[in-house]
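One-letter residues, chain by chain:
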Amino acid sequence: MKKNKRTSVKDGILLYAKTPGITSFSSLWDIKHALDTDKIGHTGTLDSFAEGLLVVLSGHLTHLVSHITGFTKTYQAVVCFGKETDTLDPTGTVMKTAPSLTREALENVLPSFTGVQLQVPPVYSALHSGGKRASDVVRSGGEVKLDSRQVFIYKNELLDFREAGNDGLSYALLEITCSKGTYIRALARDIAAAAGSCAFLCALRRTQVGPFYLKDAACYSGFCDFTIDYGIENARRCSEIKKEKRITPDSVFTDIRSRFLDFTPETASLCGFEVSELKKDAEKSYLNGRPLSGSMFRRITTGVSEPPCIIKDKEIAVFYSDGMFAGMVRLNPDHRLFYGFVVPRQKKKLKVFTWNDIVKGEFPLSWRQKGTALTVGNFDGMHSGHRTLIEMVKASSSPVKGIVTFTNPGELVKNKTGVYEGDVMTLSQKLRFCSESGLDFAVIIDFSDDFSRISGEDFVSTLVSLVGMKYMAEGIDFRCGFRGQADSAVIKALSEKYGFEFRSVEKVCLEGQSISSSRIRSAVRKGDFASVQKMLSGCFVLDLSETEFTPSKTVSSDSMMEWFSAAVVSGQVLPEDGTYEVAAVLGENILHTMLSVSGNTVEVLLPTENTAKRLTEVKFVYKPNVTL
């Protein structure tokens, strides 16, 4: 079977720590696999022997690759003096030898390699000569002559030096900050030549690209200190490297997913762009490509004082009023605005995580750093009390909002006879409610025996450390942890210990009794849909999306309709056996009809078999003129 084509993830930035021994292109495969997208662009290749920061853009942000590529870059390099390879790196063949350098000789020439430089790029490079890559021409036996070009070296500092030993080679550890297009391999070659020696790079690590740092990158935790010894060992490994199939650990994919960053106004400012908000009443004109005017935008102040790069024409990153990226516009010197590219408004998607995802560290790092507000509970039915908690979460100052809820809640909510009557809402209905409520995420926990043994403090501390919880809202009767031993008082004490804000609310009542999922289940069983609708602020909805209907043997008195039956597989509570008036949801259409319940089987009165195939859910109404 042909696999479905990958769909692009939303626009974002990933800082990735490339390891030596693989190409930048191979690194992109890992990123595409982790993010499940093909629309990826990186901003500056690193040679296979090199390591360090790759700034990767996804989705519409690939249009910005040229801007990120233009940033200054900082490297650390281990240089070997006394030998030169054809590639100027450890993967090549030694072509020249010469006396090595002393520290004094190196320090004498280093100052001349700052500022403006004319540099001839290495022939083993991706630059083109005669329409072909220079490296490809040389490897096929041809000759290449590349012209010198101007680069700028902002910093060229000697961090460490090792005098020549028995092998006659000396080594230097340099830190270099340079402009776009600078080849550190060529710089090492030229420094050595100026001092009467020759050289090649043992190791190279890119530590910074503009405002982005290697220490913040995915997979950086596996890096060790960059020293002369490390560089010598790297050269040895690269010279002995064999092409083998590389297996990427799952931990790499996890780290990539957790560190994928939204393109926010703050990030746009760091990239040197002016940032503006598109006014709500100007969205239609902007999306339809009508002429731009300054009155359509409102400048955003992000707190980023000095942009790290200079852009000829002022480029403006545009964001919708809800903070989502809307595209780029350009302000010419004559103060006229032009479109760069437009990002259509995308519906906000609820991100869903399992508890295993959380424990593995897959919750986005950027969200943890910003801080999250959440509420924890079964949330079966999303009744008035639940809605109050969600509104409290949305009103909190924490920028990222979500809920933590459960599947397999039977052990939690058995009735007095020890029987679980079923869910008021299915998980898919619950998640749809969360998405429509404007929440950012939901954590779904399978209430297994193993999970039920977690202590309340361990559960809370995990939410703080791995989900970034800064605010928690719960009902006054909330309990969590092993046998529900952590009540509201315990959670309040834990909030002071772990530094988050805790708010509890009294139960919401209807007709003198508190509203609860068990009360709603009981009302559904009795067919009291008037009470159900008051508690839910909406109809009880039976999910039939996974149900297969077949023609029933029951004969309809209406010659234009017939009965279709199926066993309910949603796990929801059902009313007692009988016939009920319902509204059948058929895609965008609603059909008022009848539904019969017999045990776990339902029959629905519908016009045709094709209609039965389109049926996704039914709404139980308590009077014909109810607003659906």
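The structure displayed is predicted, hence computed values, not measured ones.

About the criteria used
- Residues numbered from 1 in each chain as written.
- Predicted model: local features only at pLDDT ≥ 70, side-chain atom pairs only at ≥ 80, totals over all residues.
- Heavy atoms only, no water.
- Salt bridge = Lys/Arg side-chain N within 4 Å of Asp/Glu carboxyl O.
- Helix = DSSP H or I, 4+ residues; strand = E, 2+ residues; numbered from the N terminus.
- Buried < 20%, exposed > 50% of the residue type's maximum accessible area, 1.4 Å probe, protein only.
- Phe/Tyr/Trp six-rings, centres within 6.5 Å; stacked < 30°, edge-to-face > 60°.

## As for the pattern of salt bridges
Phase 1: Going through the model one piece at a time under the given rule, you end up with 27 salt bridges.
Phase 2: As a salt-bridge pair, Arg-162 and Asp-229 come within 2.8 Å of each other at their nearest N and O atoms. In this pair, Arg-162 sits in strand S10 (residues 149-162) while Asp-229 sits in helix H6 (residues 228-239), placing the two residues 67 residues apart along the sequence.
Phase 3: Classification of Asp-229 by relative accessible area gives partly exposed; the value is 47%.
Phase 4: Here Arg-345 and Asp-322 are joined by a salt bridge, their closest N and O atoms 2.8 Å apart. Highlighted residues: Arg-345 in the loop between strand S19 (337-342) and strand S20 (351-354) and Asp-322 in the loop between strand S17 (314-319) and strand S18 (325-331), separated in sequence by 23 residues.
Phase 5: Judged by its relative accessible area of 31%, Arg-345 is partly exposed.
Phase 6: Judged by its relative accessible area of 47%, Asp-322 falls in the partly exposed class.
Phase 7: By sharing partners, the salt bridges in this structure join Lys-280, Glu-283, Asp-322 and Arg-345 into a single network.

## Examining the packing of aromatic side chains
Phase 1: By the definition in use, this model includes 24 aromatic pairs.
Phase 2: On the numbers, 6.5 Å between centres and 55° between planes, the contact of Phe-71 with Phe-212 is tilted. Of this pair, Phe-71 sits in the loop between helix H2 (65-69) and strand S4 (73-81) while Phe-212 sits in strand S13 (residues 212-213); the two residues are 141 residues apart in sequence, bridging distant segments of the chain.
Phase 3: Its relative accessible area of 1% is what places Phe-71 among the buried residues.
Phase 4: Geometrically, the ring pair formed by Phe-406 and Phe-451 is tilted, given 6.0 Å between the ring centres and 55° between the ring planes.

Geometric descriptors of this kind do not, in isolation, establish any biological role.
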